[in-house]
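Now for the letters of each chain:
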Amino acid sequence: KGADNRMYMLELIRFTPRDSNFKDRPTACLRPELIETLIKRKKSRQALNDYVKARQASLNEEKKIEGKDEQKPEEEKAAEEEKAADQAKSSPEAKPEDVSGEAKAEKNEAAPEANGVSEADGPAARQIADSLHTRKLVDESGPLLFNTDIYTHYNLSDDAETLKRDEQTVQLAADYITKHIIPQMLSDLASLEVTVIETVSLTRTLHERGVNMRYLGQVANLCTEHTEFIRRLLIQEMIARACKHALRQIIEAAFQKDEGTVPVVVASYLN
């Protein structure tokens, strides 16, 4: 009931945007946990950037007030800079590939997620690169405003530019699942940072990270020898869910013919 005392029907199944990885499924929506994770990451990164900018501005102001640069003659400053450059060139540790601070930061950020996997392993290195790239897109994107009408049959009245931006935002959220959350989850499972012992805890782990159960097959395909036990649990869960859907159809068909045959049909199916 609204503030105007009128009754309204809310379509809560689309409380979150459609999953662009499953456009052919009308009810395939992103989980609220995923949307919450993305918004929290965006806010934390924005707060960190604001702090860094404020701190840098404060340091520049202090440096300007103290006038440290003006105390030294220009010749002395140039000599010191030239000396520092010569020392950097002659240092054996200063290799060209080590100079880039950005490369170091990305390497350090990727190290925990790689979980000891070397670059020569190909697919593992590709997963790390995709994860870093996806997170960078999330951090550098504009405000995360999710349009729940994207990828639906509704005729949207927004302009083409707005619709394109909304589609990119929804696609970015879907890519965040496949390129970061799932590989990171498997890495945590392999390192025993997260432990699952049966399908119930496995389902809870997936849902807590914003991963729908329709991704079970993709998660199983990404399992390695270090997560073979997880692969078996995933296959067990997929078989159980497939049997559940088949059993529902059998029960429905038997119920329409004769209610008394339902127990016999169920027992026959389970045996």
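Residues numbered from 1 in each chain as written. Predicted model: local features only at pLDDT ≥ 70, side-chain atom pairs only at ≥ 80, totals over all residues. Heavy atoms only, no water.

**What about the overall build of the protein?**
Helix and strand counts for the protein come out as 11 helices and zero strands. Burial analysis of the protein (271 residues in total) assigns 29% to the buried set. The contacts in the protein between residues at least 6 apart in sequence include a share of 61% that link residues at least 24 apart. When the accessible area of the protein is evaluated, it comes to approximately 18800 Å², of which 54% is carbon and sulfur surface. (Helix = DSSP H or I, 4+ residues; strand = E, 2+ residues; numbered from the N terminus. Buried < 20%, exposed > 50% of the residue type's maximum accessible area, 1.4 Å probe, protein only. Contact = heavy atoms within 4.5 Å. Areas by Shrake-Rupley, 256 points an atom, 1.4 Å probe, with all protein chains shown as cover.)

**With respect to the side chain of T134**
Following the sequence through the fold, T134 ends up in helix α6 (residues 123–140). Judged by its relative accessible area of 3%, T134 is buried. For T134, the side chain forms a polar contact with the main-chain oxygen of D130, separated by 2.8 Å. Excluding its chain neighbours within four sequence positions, the residues that come into contact with T134 are L172, D175, Y176 and K179. (Polar contact = N/O pair within 3.5 Å; in protein donor to acceptor, adjacent residues only side chain to side chain.)

**Examining the pattern of salt bridges**
Taken as a whole and judged by the stated rule, the model has six salt bridges. Put simply, R31 and E33 hold a salt bridge, and the shortest N to O gap is 3.1 Å. The partly exposed category is assigned to E33, whose relative accessible area is 24%. (Salt bridge = Lys/Arg side-chain N within 4 Å of Asp/Glu carboxyl O.)

**A closer look at the nonpolar core**
Counting residues in each nonpolar core, the largest one holds 32 residues, and the members touching the most others are L34, L38, L206, V219 and L234. Broken down by secondary-structure element, the contributors of at least two residues to this core are α1 (32–66), α7 (160–190), α8 (199–208), α9 (216–222) and α10 (228–257). Looking at this core, the element that brings in the most residues is α7, giving nine residues. Among all residues touching L38, those that are not within four sequence positions of it are V138, L144, F146, A173 and Y176. (Core = buried A, V, L, I, M, F, W, Y, C linked by side-chain atoms within 4.5 Å.)

**Quick notes on the packing of aromatic side chains**
Note on aromatic pairs: each is described by the distance of the centres and the angle between the planes. One pass over the full model with this rule turns up one aromatic pair. With a centroid separation of 5.1 Å and an interplanar angle of 90 degrees, the aromatic rings of F22 and Y215 are classed as edge-to-face. Here the residue F22 occupies a position in the segment before α1, and Y215 occupies one in the loop between α8 and α9, the gap between them amounting to 193 residues. Pair check on accessibility: F22 and Y215 agree, each one buried. (Phe/Tyr/Trp six-rings, centres within 6.5 Å; stacked < 30°, edge-to-face > 60°.)

**Considerations on the packing of α8 against α10**
Each packed pair of helices is defined by two parameters, the angle between the axes and the distance between the axes. Running from N to C, α8 and α10 cross one another at 95 degrees; their axes reach a closest spacing of 10 Å. Overall, the two elements α8 and α10 adopt an arrangement that is roughly perpendicular. For the pair formed by α8 and α10, the contact residues are T199, L202 and T203 on the first element and I230, L233, L234, Q236, E237 and R241 on the second. Considered class by class, the residues forming the contact of α8 with α10 number four nonpolar, three polar and two charged. (Axes fitted to C-alpha atoms, helices over the stretch in contact; angles between N-to-C directions. Parallel < 35°, antiparallel > 145°, perpendicular 65-115°, else oblique. Nonpolar A, V, L, I, M, F, W, Y, C, P; charged D, E, K, R; others polar.)

**Some words on the confidence of the model for the protein**
Per-chain confidence: the protein averages 79 in pLDDT, with 79% of residues scoring 70 or above. Put simply, helix α4 (residues 96–99) is where the protein has its lowest mean pLDDT, 38, and α9 is where it has its highest, 93. Contacts from residues 91–118, a stretch scored under 50 in pLDDT, to residues over four places away or in other chains number 21 contacts. (pLDDT = per-residue confidence, 0-100.)

**Observations regarding a nonpolar patch on the surface**
A cluster of nonpolar side chains, Y8, L10, L12 and F15, forms an exposed patch at the surface whose accessible area comes to about 520 Å². The residue L12 is located in the segment before α1 in this model. What makes L12 exposed here is its relative accessible area of 58%. (Patch = residues over 30% accessible without salt bridge, like charges linked within 9 Å, V, L, I, M, F, W, Y side chains within 5 Å.)

**Thoughts on the packing of α10 against helix α11 (residues 262–270)**
Put simply, α10 and α11 touch, their axes get as near as 9 Å, and they point 150 degrees apart. What the angle tells us is that α10 and α11 run roughly antiparallel. The way α10 lies across α11 gives a crossing that is right-handed. Mapping the contact onto sequence places C243, A246, L247, I250, I251, A254 and F255 in α10 and V262, V265, V266 and Y269 in α11. Classifying every residue of the contact of α10 with α11 by side-chain character gives 11 nonpolar, no polar and no charged. (Left-handed = near helix turned anticlockwise from the far one by under 90°.)

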